[in-house]
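Now for the letters of each chain:
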Amino acid sequence: VTEAEAAGSPVLILNYRGLKELPAAVLESRYCQVNLKNLCLKRNFLCSLPPSVGQLQALTELYLHSNDFKEVPSELSLLPCLETLSLECNQIATLSPAVGSMLRLQVLNVSRNCITDFPEELWSAPHLCQLAASGNQLSSLSPAIIRCQTLRRLLLDCNHLSSLPVQATRLPRLEELSLCGNNLRTLPHGKWTVVTRVM
């Protein structure tokens, strides 16, 4: 933290530190509370976040790749500026409905977890443009996906999908849909205008 403050950097990298909790020095630092935009905590042993994480009022990118999370910390909804959230390679089975209330969230990566379904609230995230959820246990998608009008990239490789809702063909901004390694035999009829990978 001291080094980041001395350099005037908005980025703090704490990967491979063996951390079991978010250091108090980060949460208590006035510099981090006001200026920290990018926090990298990859490959530690974190399984939760304290409510005080909401003090990082400027944070826009949070990387929690390869930790021990079993659920998406509800405390993340306290981060008002969060745009990019990576929780790849954890042990998450369900997504909290609170994800849908992250008003600035644009990029969500939950690939290589144990997720079986998405909460309906996810599709109401007003600015979500990229969802990466490859390598999970998804067997279906809700027709409520139509509510996610900002979605541009949807990456669902290596799941258990056997069908897609026709609403997936009606997302106006979707540019890329990746479905390799699923159980799909056909795609719904509709006007597909996106790059679609199914093999």
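None of the values given here were measured: they were computed from a predicted structure.

Undergrad: How should I be thinking about the state of the cysteines in this particular structure?
TA: One way to say it: the disulfide is the covalent bond shared by the sulfur atoms of two cysteines. Within the structure shown, the criterion is met by zero disulfides. Cys40 provides the cysteine sulfur closest to Cys32, a residue in no disulfide bond, and the two sulfurs are 13 Å apart. Residue classification places Cys32 among the buried residues on the basis of a relative accessible area of 1%. A disulfide-free cysteine, Cys89 has its sulfur positioned 11 Å from the sulfur of Cys114, the nearest such atom.

Undergrad: Looking at this structure, I do not really get unusual backbone geometry. What am I missing?
TA: What you tend to see is this: most non-glycine residues have negative phi, and most peptide bonds are trans. Although it is not a glycine, Arg43 sits at a positive phi angle of roughly 55°. For Arg43, the position within the fold is in the loop between strand E2 (38–40) and strand E3 (61–63). A relative accessible area of 43% means that Arg43 is categorised as partly exposed.

Undergrad: Can you walk me through the pattern of salt bridges in this structure?
TA: It is possible for side chains of opposite charge to pair when their charged atoms get near one another. Under the defined criterion, the tally for this structure stands at three salt bridges. Arg112 is the salt-bridge partner of Glu88, the closest N and O atoms lying 2.7 Å from each other. With Glu88 in the loop between strand E4 (84–86) and strand E5 (107–109) and Arg112 in the loop between E5 and strand E6 (130–132), the pair connects residues that are 24 residues apart, well separated along the chain. The partner of Arg152 in a salt bridge is Glu175, and the shortest N-O contact between them spans 3.0 Å.

Undergrad: Just checking my understanding: could you explain the side chain of Asp157 for this structure?
TA: For Asp157, the position within the fold is in the loop between strand E7 (153–155) and strand E8 (176–178). The exposure class assigned to Asp157 is buried, which follows from its relative accessible area of 17%. Within the structure, Asp157 has its side chain in polar contact with the side chain of Ser178 (distance 2.7 Å). Every residue in contact with Asp157, bar those within four places of it in the chain, is listed here: Ser134, Gly135, Ser178, Leu179, Cys180 and Asn182.

Each value, and the rule that gives it
- Residues numbered from 1 in each chain as written.
- Predicted model: local features only at pLDDT ≥ 70, side-chain atom pairs only at ≥ 80, totals over all residues.
- Heavy atoms only, no water.
- Disulfide = S-S within 2.5 Å.
- Buried < 20%, exposed > 50% of the residue type's maximum accessible area, 1.4 Å probe, protein only.
- Helix = DSSP H or I, 4+ residues; strand = E, 2+ residues; numbered from the N terminus.
- Salt bridge = Lys/Arg side-chain N within 4 Å of Asp/Glu carboxyl O.
- Polar contact = N/O pair within 3.5 Å; in protein donor to acceptor, adjacent residues only side chain to side chain.
- Contact = heavy atoms within 4.5 Å.

The values are spatial; any link to function lies outside them.
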